[in-house]
Amino acid sequence: MEITRLSIDYLRAVRYTEKFGAVNDYRQIPRPFSSIAYIYSGGASFQQGDKSGIVTTGDIYFIPRGATYISYWNGQPETVFYSCHFNFASPEICSERDCAVERITGLWHLREDFVELANRFKCAEAIDEQLDLLARFYRILTEVVSRLPKRKGAPPDSSLLEAVTYLHTHYKEHISVAELARMCSLSESHFYARFRKAYNLSPIEYKNRLLISQAELMLCDSPSMTIEQISELLGFESDSYFRRLFKKLLGMSPREYRARQSGGL
């Protein structure tokens, strides 16, 4: 992989608190970003399908983009944790195809990096401050990724990489399957068949999921932005079509999603 593909498409660092007994139910709300969280005090238990886990003070939890799960918070009187939410421009990095939600232990020495990221993220203006925060994020990511389980199953079809990367960077634009196929030097029918086999989605379905994932981020991060504004910024022909597609993929309207999600873990 070219190192230039490791560019960050989205990054946010936040300090959260969860009261004892709080429940965050994301079983019907796929997370729109990957997250790395450091449990500063307290703890929680998680359930993802038939997999369960517990995190406590000093643990790190990695949550891949697209994950669905439920969390129960048990710190008394509350749990404090620091999260980095992020996405990379390249579809190969920290994909939901790599692993499930994972608990990671033994990285206490990263605590200061998490705290500094969250405390300074919104106020860092000088370039040296911003570079320092990026360095801290990459230090965290490097150690966490090195401890994640290796990819299971066959690697992605490398012949599709140029088209998939293009979709991740141009999802707001109109693009045909024929254009994507030409990028990969494949016939349209051959490209379509290989894409569906690799991702279990058609190219257009894949693009629509990228659009709705970006809509999730905007609904989370920009509470003052209207549904109509989000629809327009994402290039939808009408906000009614945006609403229908959002509900089709997530099972709820954009307004319901905004009301139900908290942005934490």
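Criteria and thresholds
Residues numbered from 1 in each chain as written. Predicted model: local features only at pLDDT ≥ 70, side-chain atom pairs only at ≥ 80, totals over all residues. Heavy atoms only, no water. Helix = DSSP H or I, 4+ residues; strand = E, 2+ residues; numbered from the N terminus. Rg over C-alpha atoms; globule rule 2.2 N^0.38 Å. Buried < 20%, exposed > 50% of the residue type's maximum accessible area, 1.4 Å probe, protein only. Contact = heavy atoms within 4.5 Å. Polar contact = N/O pair within 3.5 Å; in protein donor to acceptor, adjacent residues only side chain to side chain. pLDDT = per-residue confidence, 0-100. Phe/Tyr/Trp six-rings, centres within 6.5 Å; stacked < 30°, edge-to-face > 60°. Lys NZ or Arg CZ within 6 Å of the ring centre and 35° of its normal.

**Student:** Hey, could you run me through the overall build of the protein chain in this one?
**Tutor:** Broken down by element type, the protein chain carries nine helices and nine strands. Its C-alpha atoms give the protein chain a radius of gyration of 19 Å, near enough to 18 Å, the size a compact globule of 265 residues would have. Burial status across the protein chain gives 48% buried among its 265 residues. Of all intrachain contacts in the protein chain linking residues separated by at least 6 positions in sequence, the fraction that spans at least 24 positions is 75%.

**Student:** Quick question: what am I supposed to make of the side chain of Ser231 here?
**Tutor:** Here Ser231 is to be found in helix α7 (residues 227-233). By relative accessible area, which is 2% here, Ser231 ends up buried. Within the structure, the side chain of Ser231 is placed 3.5 Å from the backbone oxygen of Ser238, a separation counted as a polar contact.

**Student:** Would you mind showing me how to read the confidence of the model for the protein chain here?
**Tutor:** Any segment with low pLDDT has predicted coordinates that should not be analysed in fine detail. Taken residue by residue, the protein chain gives an average pLDDT of 88. The fraction at 70 or more is 90%. Mean pLDDT across the elements of the protein chain bottoms out in helix α3 (residues 161-169) (86) and peaks in helix α1 (residues 111-120) (96).

**Student:** In this structure, what is going on with the packing of aromatic side chains? I would like to understand it.
**Tutor:** Applying the stated criterion to the full structure yields 21 aromatic pairs. Taken together, the aromatic side chains of Tyr16, Tyr26, Phe46, Tyr61, Tyr69, Trp73 and Phe81 make up a single cluster linked through ring pairs. For Arg31, the ring lying beneath its charged end belongs to Tyr26, and the centroid distance is 3.9 Å.

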